[in-house]
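Descriptive analysis of the structure
Below, each chain spelled out in residue letters.
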Amino acid sequence: MDLFLQQLINGLALGSLYALFGLGFGIVFATLGILNAAHGTYASWAAIIALAAVERLNLPFIPALLAGIFGGGLLALVVDQVAFQPLRRRAGGGMISALITSIAAWIILDSLAGTATGHQSLSFPRDSYPDTIFFVGGIPLPAIQIITVLSMLVVTVSLHLLIRRSRFGSAMRAVGWNQTAASLGGVNPRYVVVITAFLAGATSGFAGVLGGISTNNVSFHLGEGLMLKGFAAVVVGGYDDVRGTAVAGVALGVLEVMTAQYLSSGLRDGITYALLLGFLLLRPRGLFGSAGFSRA
Amino acid sequence: MQKWQKQISCQVAVALFTLGMQVGPASAQGLAPGEYKVGFITENTGAIASAGQSFWNGAQLAAEDVKAKKYLGDASIVLDPKESASDAARSIQAMNQFIADRSIIATTCCVLSPVAGALKPIVVGAKIPLVIFGATASGLPQPPWIYSMTILPGPKDIATAVKVADALKPKTAAYILAADNDAFKGRMAATQKTMEGKGVATAGVVSVLTKDTDFTGAATQAMGLKPDVILIYATQQAAAGAITALRDRGYKQTIVGNDVLSPAAMFQKMGPTVVGVPFPVSFSASIADTPEAKAFVSSYETKFKVQPDIYSAQGYQVVWFIAQGLKSISGAPTRESLATALSKITNIDHQVYGGQQIKDGQAETAGTLVVNWSADGKLVPWTPAK
Amino acid sequence: MQPLVDFWNAYRSTLTFALVNSFFALSTYAVLSVGILSFATVTFAAFGGFLGVRLVLQTGIDPLLALPAAAAAGALLSYVIALIFLRLESHWMALASLALILITRVLIINVPGTGGVNGLSVPVTLPFFMFALVLLVAIIIFWRLSASWYGIAARAVREDAAVASTLGIAPRRIQTVAFVISGAVGGLGGMLLALALQYLSPDTYFVNIAFTMIAAVVLGGSYHWAGAIIGAAVFTALPVIAQAIIPEFQDVANGVVLLLIMIFLPRGLIDPRAIRLHFAARKAVAQAPRDATSPAAGGAP
């Protein structure tokens with residue numbers, strides 16, 4: 001029972017990372033209609049920037065974290081304007097062109113991240129982040145896991161309120177539906193696109209920094225790993241509802257840890273991908289997504 | 001001039017000479033003077049770049065040393081690198097290019113055993129010597145064409161586990177294994193058998209994957225088995241992740257590591273979590289005691305600004321091995337004559353281990369040193385009072 | 001003469017890989033030409049490759065005879081995949097094919113007979129001219145197809161499936177045929193890659209092939225089969241060239257080239273429409289002085 005609880009908590013923390021990452025990915029897909037293969041690199045780079053802030057500028061935990069988050073958002077913004085904006089001006093091509101362009105960005109950013117880390121996996125120094133372990137009834141609870149889960153909850157709730165209850169959120173949803181119609185309604189699509197890209201990059205960056213700390217692994221592999229799982233969270237949960245993504249991400253994390261513990265670690269990734277494929281084939285809108293609308 | 005020879009990296013300040021440009025009479029005894037090219041498949045980018053760079057650095061240093069000490073008289077070895085990023089297809093292409101270049105008399109490669117395996121039939125068919133610097137699978141050498149300078153880690157693992165078991169007398173042991181790495185599977189199985197033979201029961205085996213990034217689940221699983229000692233059989237990132245996760249969750253008992261923990265970069269990455277974890281080492285800069293070893297360490301540090309590790313030593317020995325083969329040849333060497341010369345070597349003249357032999361093409365050292373990192377970043381012999 | 005021979009030996013393997021990559025590019029093109037973006041080529045290649053190699057290892061037959069078996073295996077798998085996947089909308093289909101590649105890798109590691117993580121050594125190979133010959137056969141098939149009724153129907157379905165169906169073309173059927181062609185060519189390519197590398201591992205058939213092949217098809221021109229081959233050649237040669245010039249950033253070079261193509265040359269290098277327009281414009285200009293008095297105005301539309 002003890003072991004089960006411990007692994008459950010591990011799964012919750014891991015899943016929160018996936019959820020946090022998936023949120024950013026899902027916003028981009030829902031609002032901008034882009035399947036961004038480069039999204040994982042924002043997380044990798046945020047972790048690299050945060051690590052540099054700690055090592056070069058000697059910043060404490062929170063400022064370094066903020067530096068990473070801001071860096072991730074900025075990077076997403078730059079990629080969007082350099083890679084995707086020229087495509088928007090051109091009609092036609094649609095999702096395929098955007099996907100291929102995002103692949104190009106992914107290749108470039110991944111290689112640069114590899115060069116930045118010297119092709120190694122770096123670690124955050126142990127005194128740069130809270131590493132106390134709380135013991136609740138004999139079960140170890142590392143502080144960083146608590147921070148991860150809380151962050152995921154805060155970001156999910158904030159995003160949900162932003163999208164569903166604010167004017168900007170309505171603008172986002174309008175742009176996601178049809179950019180031209182939205183601009184007819186008085187929305188500035190360019191402004192919405194830019195802010196959305198930044199937000200998406202920032203949440204992924206958040207996941208990247210926390211992931212880099214908790215897994216002791218700052219390298220371009222960090223982003224790739226998060227990317228696939230976050231993508232699964234978005235598909236399983238439903239890409240246009242952040243609550244669905246959050247729930248699905250956490251569920252996937254728990255499922256993964258439990259599979260490794262009680263079945264076999266070789267099947268761990270396989271279960272996630274099988275779920276992904278299953279949902280794509282049978283219920284592409286995910287558990288909580290709204291009924292499908294097709295993008296012209 | 002053939003165009004692709006312009007692809008030589010500027011790391012190696014090299015002049016291009018073709019074989020036998022000294023038109024003077026080949027001396028009746030001794031190697032003909034000249035620069036002899038060795039094709040080096042580098043792995044300086046890709047997943048194991050830090051290890052790959054160590055090998056390459058060691059080899060470059062050896063080429064310089066051979067020339068400075070005039071070991072081959074007026075002849076010297078020149079390295080021709082081609083990057084493979086640990087990719088099998090690119091390694092094959094690089095090897096084919098080396099084979100086609102008539103001035104290359106020997107080649108060297110590979111950290112990954114499957115890639116080395118893929119290159120074996122190619123070099124045997126093309127009749128060019130290959131000296132492996134890093135792949136750890138046993139059975140790769142195939143004299144007269146294929147040799148390995150890797151100090152095989154398997155027997156060292158067992159010696160380390162035995163030493164720990166004798167000192168601590170644990171009742172149960174858990175193993176953390178990189179399930180997708182056959183070499184580690186074999187090493188773990190051999191150690192497990194020995195341990196069980198000594199009465200240390202296996203509490204369980206926790207599987208991880210080499211590409212994993214999160215080890216909290218595996219650490220929890222291993223601790224849940226309540227073992228007296230945990231032994232790690234995984235590659236660098238996985239081993240580092242597992243050990244850190246174990247310590248993070250408050251595991252205070254002994255963790256036994258393996259040779260992947262020996263490079264200084266691992267201490268830098270892991271810090272206090274790796275202090276006190278015993279592992280076997282065949283070469284270490286802090287425990288170098290022979291004059292050759294000390295000289296190697298100091299010139300490596302001067303040239304590359306970091307301390308050498310076991311990978312640097314293996315890369316270093318590859319070039320010295322080829323040099324030793326060349327030394328015994330009269331006149332201008334060919335690929336065949338070099339292969340024959342290499343197959344006759346049993347004892348390595350210039351080495352940094354305090355003794356190295358070659359048996360059936362496989363390099364070996366005697367004895368096992370069990371060490372651990374101390375808090376100030378030095379390797380010290382392991383003692384049980386932790 | 002000797003330098004030529006040496007050059008040939010040095011770059012023969014690069015050329016071989018370029019030929020093999022052409023098969024993957026053609027396979028991707030086959031489905032792209034009916035308007036579907038699918039990465040399933042990699043799975044077909046894995047299936048054909050491992051099946052063909054196991055066949056050779058187990059029965060010792062000539063690898064040449066195993067090629068049709070690999071193609072057939074790929075075609076069979078693709079037929080099954082088509083039945084399941086074609087029900088999906090286009091963007092879900094692309095994602096599903098990506099998930100398929102991930103699952104394929106897990107399967108390769110866990111299914112016995114594939115050598116697991118350590119991979120499989122392939123003791124046989126084919127002489128270079130065989131690769132070229134097989135590619136020639138594939139080219140002839142694609143050429144005849146594009147000039148046939150199927151080719152016209154494919155173009156119609158790609159332009160607008162709804163309109164195509166009003167013209168009496170069944171889009172689902174055309175797309176299934178495209179998938180089967182893609183599977184056959186992909187399976188063949190997979191077996192050829194195994195013979196060229198003489199070594200298979202779970203990473204041999206993975207996302208990097210998928211993304212490179214999409215890039216190759218787009219670069220070469222996704223509207224003509226020749227574009228696929230040219231794109232494959234460029235993307236095989238690119239790492240080798242980049243390594244010669246900027247070894248530190250060779251992977252970045254791939255991405256940068258792809259990005260530039262997408263922004264400036266989205267229809268790729270070989271674009272039948274641009275070629276046709278160009279010739280039509282030239283013809284119209286040549287005609288204009290002669291038809292100066294005719295009421296119909298010349299010039300490109």
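Quick caveat, the model's predicted, so the values are computed rather than measured.

1. A short note on the interface of chain A and chain C
Taken together, the 35 residues of chain A in the interface contact 33 residues of chain C. Summing both partners gives a buried area of about 3200 Å² for chain A against chain C, and 85% of it is carried by carbon and sulfur. When the buried area of chain A at its contact with chain C is split by residue, Ile 100, Leu 280 and Leu 281 of chain A rank highest and sum to 17% of it. For the interface between chain A and chain C, the tally reads 0 salt bridges. Mapped onto the side of chain A that touches chain C, the elements with two or more residues apiece are helix H3 (61-89), helix H4 (94-116), helix H9 (220-237) and helix H11 (268-282) of chain A. Looking at the side of chain A that touches chain C element by element, the count peaks at 14 residues for H4 of chain A. In terms of residue class, the side of chain A that touches chain C is made up of 26 nonpolar, 7 polar and 2 charged.

2. Focus on the environment of Pro 121 of chain B
Along the polypeptide, Pro 121 of chain B turns up in helix H3 (residues 113-126). A sequence separation of 260 residues divides Pro 121 of chain B from Pro 381 of chain B, and the C-alpha atoms of the two residues are 42 Å apart.

3. Section: the interface of chain A and chain B
Tallying the contact residues gives 24 residues for chain A and 26 residues for chain B. Taking both sides of the interface into account, the surface hidden between chain A and chain B amounts to around 2200 Å²; carbon and sulfur atoms contribute 48%. By the criterion of area lost to chain B, the three top residues of chain A are His 119, Arg 126 and Ser 265 of chain A, representing 23% of everything that side buries. Linking chain A with chain B are 0 salt bridges. The interface formed by chain A and chain B holds 7 residue pairs in polar contact (both at pLDDT 80 or more) in total. For the side of chain A that touches chain B, the secondary structure elements donating two or more residues are helix H1 (2-32), strand E2 (139-142), helix H10 (242-262) and H11 of chain A. Top element by residues in the side of chain A that touches chain B is H1 of chain A. It accounts for 5 residues.

4. Observations concerning the domain arrangement of chain B
Residues and elements named next belong to chain B. If you check the domain split of chain B, you get domain 1 (34-151 + 289-355) and domain 2 (157-280 + 369-381). Relative placement of domain 1 and domain 2: their C-alpha centres are 31 Å apart. Taken together, the 5 residues of domain 1 in the interface contact 5 residues of domain 2. Both sides of the domain 1 and domain 2 interface together cover about 430 Å² of buried area, and 50% of this is carbon and sulfur. Of all residues in domain 1, Thr 136, Asp 309 and Tyr 311 give up the largest surface area on contact with domain 2, accounting jointly for 61% of the area buried on that side. Here domain 1 is connected to domain 2 by 0 salt bridges.

5. So, a nonpolar patch on the surface
Residue and element names in this part refer to chain C. A surface patch of nonpolar side chains, about 540 Å² in accessible area, is lined by Ile 230, Val 256, Leu 260, Phe 264, Leu 265 and Leu 269. Considering every element that reaches the nonpolar patch, the biggest residue donor is helix H11 (residues 250-264), with 3 residues. Relative to the helices and strands, Val 256 is located in helix H11. For Val 256, a relative accessible area of 34% corresponds to the partly exposed category.

6. Looking at the packing of H3 of chain A against helix H8 (residues 189-214) of chain A
Residues and elements named next belong to chain A. Look at H3 against H8: their axes get within 6 Å of each other, and the N-to-C directions meet at 135°. As summarised for this structure, H3 and H8 are arranged oblique, according to the angle between their axes. Crossing geometry of H3 relative to H8 is assigned as right-handed. Per-class residue counts for the contact of H3 with H8 are 15 nonpolar, 6 polar and 3 charged.

7. What to know about the confidence of the model for chain B
Taken as a whole, chain B shows an average pLDDT of 84; of its residues, 91% reach a score of 70 or greater. In the model, residues 8-28 of chain B has pLDDT below 50 throughout and makes 26 contacts with residues more than four positions away in sequence or in other chains.

Reading guide: rules and limits
- Residues numbered from 1 in each chain as written.
- Chains lettered and ligands numbered in written order.
- Predicted model: local features only at pLDDT ≥ 70, side-chain atom pairs only at ≥ 80, totals over all residues.
- Heavy atoms only, no water.
- Contact = heavy atoms within 4.5 Å.
- Buried area = accessible area lost by both parts, 1.4 Å probe.
- Salt bridge = Lys/Arg side-chain N within 4 Å of Asp/Glu carboxyl O.
- Helix = DSSP H or I, 4+ residues; strand = E, 2+ residues; numbered from the N terminus.
- Nonpolar A, V, L, I, M, F, W, Y, C, P; charged D, E, K, R; others polar.
- Polar contact = N/O pair within 3.5 Å; in protein donor to acceptor, adjacent residues only side chain to side chain.
- Domains from an automatic or database assignment.
- Patch = residues over 30% accessible without salt bridge, like charges linked within 9 Å, V, L, I, M, F, W, Y side chains within 5 Å.
- Areas by Shrake-Rupley, 256 points an atom, 1.4 Å probe, with all protein chains shown as cover.
- Buried < 20%, exposed > 50% of the residue type's maximum accessible area, 1.4 Å probe, protein only.
- Axes fitted to C-alpha atoms, helices over the stretch in contact; angles between N-to-C directions.
- Parallel < 35°, antiparallel > 145°, perpendicular 65-115°, else oblique.
- Left-handed = near helix turned anticlockwise from the far one by under 90°.
- pLDDT = per-residue confidence, 0-100.

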